[in-house]
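Observations on chain architecture
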Amino acid sequence: RTVYVNGSYVAQEEAKISVFDRGFLFADGVYEVTAVLGGKLVDFAPHMQRLRRSLSELALPSPAGDEEILSIHRELTERNRLVEGLIYLQVTRGAAERDFAYPPEDTKPSLVLFTQAKTLRETPASKTGIAVATVPDLRWKRCDIKTVQLLYPSMAKMAAKAKGADDAWMVDEDGFVTEGTSNNAYIVTGQGKLVTRHLSHDILHGITRAAVIQLAEAEGIDVEIRPFSVEEARQAREAFVTSASGFVMPVVSIDGETIGTGTPGTFSRRLRAVYIAEAEKSAI
Ligand code: PLP
């Protein structure tokens, strides 16, 4: 597999990053994950917009313009003959003498991209749905910035797996679900309303979330943007999560208790189909 590192396309075995890179020492970096369907990029423009925002919130210098970043995505897709899967992009503040203070302004940020071939459309999990387990949300208070500081979500996923679930739903101090470890969370109420938490510093502003809310409204589904509790989720008709890698993924149980019929519900299946159709149509 060919990867991109700071201006060069190299075999993954040849790729090198300094041990002084601040991404490695301080998790001082941000990332994006873009889906590829039929060799084309899904929702590329909003991913770039969010990358710009993450960089700006952390005063990270931009490693390249949008046009150049797009051409790197295309080049990697071609070189690796990627038809379906993901492209991971990471920007860090670069290599500098270890110090908590940011390095001099002329320090070059590091830019790394790689591809992951992966079945996205016809995944077994999308047919059976996934199980989630709740864990307290112990992350920092700027979850809206897509940083590479992912140790807590990783611990949360392991805790969920230890309980026999597939992923964790993180819960705030008031008992409301914030989001999944790498996805946004939704329920469908008994009245057929789609509920998902409002945007704030508590969650990542998902690109798939924005698209799915718009598509749901276009489908005539009532959308309520508000927090929901674990208790409300247990009694929901349906639940699902969204992300660039999972699209719309049905959730069929929470903490071992079945949600609805315990199989992917009609809203979840319909929104998954509509989202994929639209993603294929608008991919560039
Ligand atoms: N929430 C978190 C914490 C995430 O890490 C992600 C994606 O990685 C999402 C939500 C979903 O965001 P998107 O739809 O942009 O992939």
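Below, the structure is looked at part by part. Fair warning: this is a prediction, and the values are worked out from it, not measured in the lab.

What counts and how
- Residues numbered from 1 in each chain as written.
- Predicted model: local features only at pLDDT ≥ 70, side-chain atom pairs only at ≥ 80, totals over all residues.
- Near = placed C-beta within 6 Å.
- Helix = DSSP H or I, 4+ residues; strand = E, 2+ residues; numbered from the N terminus.
- Nonpolar A, V, L, I, M, F, W, Y, C, P; charged D, E, K, R; others polar.
- Expected span 1.5 Å × (residues − 1).
- Buried ≥ 20, exposed ≤ 12 C-beta atoms within 10 Å, placed from the backbone.
- Arc of directions from axis to C-beta.
- Core = buried A, V, L, I, M, F, W, Y, C linked by C-beta atoms within 7 Å.
- Contact = placed C-beta atoms within 7 Å.
- Pairing = 2+ DSSP bridges.

Description of the site of the ligand
Inspection of the region around the ligand gives 13 residues, with Leu-204, Gly-206, Ile-207, Thr-208 and Ala-244 positioned closest. For the shell around the ligand, the secondary-structure elements that each account for two or more residues are α6 (207-218) and β13 (238-243). The greatest single-element share of the shell around the ligand, amounting to three residues, is contributed by α6. Taken together, the residues of the shell around the ligand sort by class into four nonpolar, seven polar and two charged.

A closer look at helix α8 (residues 266-282)
Given a rise of 1.5 Å per residue, 17 residues ought to cover 24 Å, and the 24 Å separating the end C-alpha atoms of α8 matches this to within 8%. Taken together, the buried positions of α8 are occupied by Phe-267, Ser-268, Leu-271, Arg-272 and Ala-279. Within α8, the buried residues cover an arc of 125° as seen down the axis, which keeps them to one side. Exposed residues lying more than 90 degrees from the buried face of α8 are Ala-273, Ala-277 and Lys-281.

Notes on the nonpolar core
The biggest cluster of nonpolar side chains holds 57 residues, and the ones touching the most others in it are Val-132, Ala-168, Ile-187, Ala-239 and Val-251. With six residues, the single largest contributor to this core is strand β14 (residues 247-254). Excluding residues within four positions of it along the chain, Ala-239 makes contact with Tyr-186, Ile-187, Ala-233, Val-251 and Ile-259.

Brief notes about the sheet that holds strand β1 (residues 2-5)
On the basis of which strands lie adjacent, the open sheet formed by six strands has the order β2-β1-β6-β5-β3-β4 and antiparallel pairing. A strand with exactly one partner marks an edge of an open sheet, and here the two such strands are β2 (8-11) and β4 (40-41). Here strand β3 (residues 29-37) runs beside strand β5 (residues 85-92); their pairing, made up of eight bridges, is antiparallel. Within the sheet, the bridge partner assigned to Tyr-31 lies in β5 and is Gln-90.

Remember, this is a structural readout, not a statement about activity or role.
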